[in-house]
Every structure is written in C-alpha cells, then in structure tokens.
Amino acid sequence: DNSIDLAIAARCAGEQGKYWEAYDSLFTNQENLTGTSTLQADLLSWSEFLKLDSARFKTCLDDKRYIDLIKRDYDDGNKLQIQGTPTWFVNNYPITGYYSAEKFKELFDGILQQTK
C-alpha cells in the first residue's frame, strides 16, 4: 500500500549515499511501517536509524522529488507486462521470482551451448 512512498524514501536516502542500506532496511521492515498519517513519522525515525541528514531527507520526501522517475519505472513495467519482482529478461524471455545463481548458470550454459 505504501510502495510509492517507500520508493521515494529509498531514492531520497540514495541522495545521501544510502540507497542500498535503505532498500534492504525497508524491504526487511516493511510490515513495521504503519500507513497513512504516521508513515512519514516512521520514515523520519527510520532515517535517523540510517544516520541520514533528517532535514534533507524530509525535504526530499515532502517534495516527492522522485515521483516522476518512479512513475516512469512503473509505466515501463506495465509495458513489459511485469507481474512481480524480481523479473529478469534473458533473450527477451521473462523470468519472474527467485532464481538461484545455479539456475542462472544452467540457463546461460544452455544458451551458450545452443550458439556453438
């Protein structure tokens, strides 16, 4: 329900060099983030946990600075008919969901064998 706000929060953290830390933390703790009126308070508290400049982070959130970029990513996903994450494309064939490194190796080895 809060995916747009959480995506903006991750991008705002990225401005301060903490995108991946934010991504991991948000994904792991998404059920602890409440909705609606307290979401921003939760995100500001969370930004302190990540040792972000909270004022700068809040301004970025309030401005919804990355909403156009996020909307464009969403629209691109719809055009590609992506149904879930992660989605990988190998030779224009979509693979959705978890795929182990071993399975990718098997897939790529098979493709390489076909091209010989």
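Relevant structure appears above.
In this text the structure is predicted, and so the values were computed from the model without any measurement. (Residues numbered from 1 in each chain as written. Predicted model: local features only at pLDDT ≥ 70, side-chain atom pairs only at ≥ 80, totals over all residues. Heavy atoms only, no water.)

A word on the environment of Glu-31. In this fold, Glu-31 is placed in the loop between helix H2 (19-29) and helix H3 (39-49). For Glu-31, a relative accessible area of 58% puts it in the exposed group. Expressed as a C-alpha distance, the spacing of Glu-31 and Ile-4, which sit 27 residues apart in the sequence, is 15 Å. (Helix = DSSP H or I, 4+ residues; strand = E, 2+ residues; numbered from the N terminus. Buried < 20%, exposed > 50% of the residue type's maximum accessible area, 1.4 Å probe, protein only.)

This part is about unusual backbone geometry. Following Thr-85, the chain continues to Pro-86 via a peptide bond in cis, the omega torsion being -10 degrees. Within the secondary structure layout, Pro-86 lies in the loop between helix H5 (67-79) and strand E1 (87-90). The backbone of Lys-51 sits at a positive phi, close to 60 degrees, despite the residue not being glycine. Relative to the assigned elements, Lys-51 resides in the loop between H3 and helix H4 (54-63).

Residue position: Gln-16 is located in the loop between helix H1 (3-14) and H2. Since its relative accessible area comes to 18%, Gln-16 is described here as buried. Within polar-contact distance, the side chain of Gln-16 engages the backbone nitrogen of Asp-53 at 2.6 Å. With near-sequence residues (within four places) excluded, Gln-16 lies in contact with Leu-52, Asp-53, Arg-56 and Phe-57. (Polar contact = N/O pair within 3.5 Å; in protein donor to acceptor, adjacent residues only side chain to side chain. Contact = heavy atoms within 4.5 Å.)

Running from N to C, H2 and H3 cross one another at 130 degrees; their axes reach a closest spacing of 11 Å. Accordingly, the angle class assigned to the pair H2 and H3 is oblique. Two packed elements cross with a definite hand, and for H2 against H3 that hand is right-handed. In contact with Ala-22, Ser-25 and Leu-26 of H2, H3 contributes Leu-43, Trp-46 and Phe-49. For the contact of H2 with H3, the per-class residue count stands at 5 nonpolar, 1 polar and no charged. (Axes fitted to C-alpha atoms, helices over the stretch in contact; angles between N-to-C directions. Parallel < 35°, antiparallel > 145°, perpendicular 65-115°, else oblique. Left-handed = near helix turned anticlockwise from the far one by under 90°. Nonpolar A, V, L, I, M, F, W, Y, C, P; charged D, E, K, R; others polar.)

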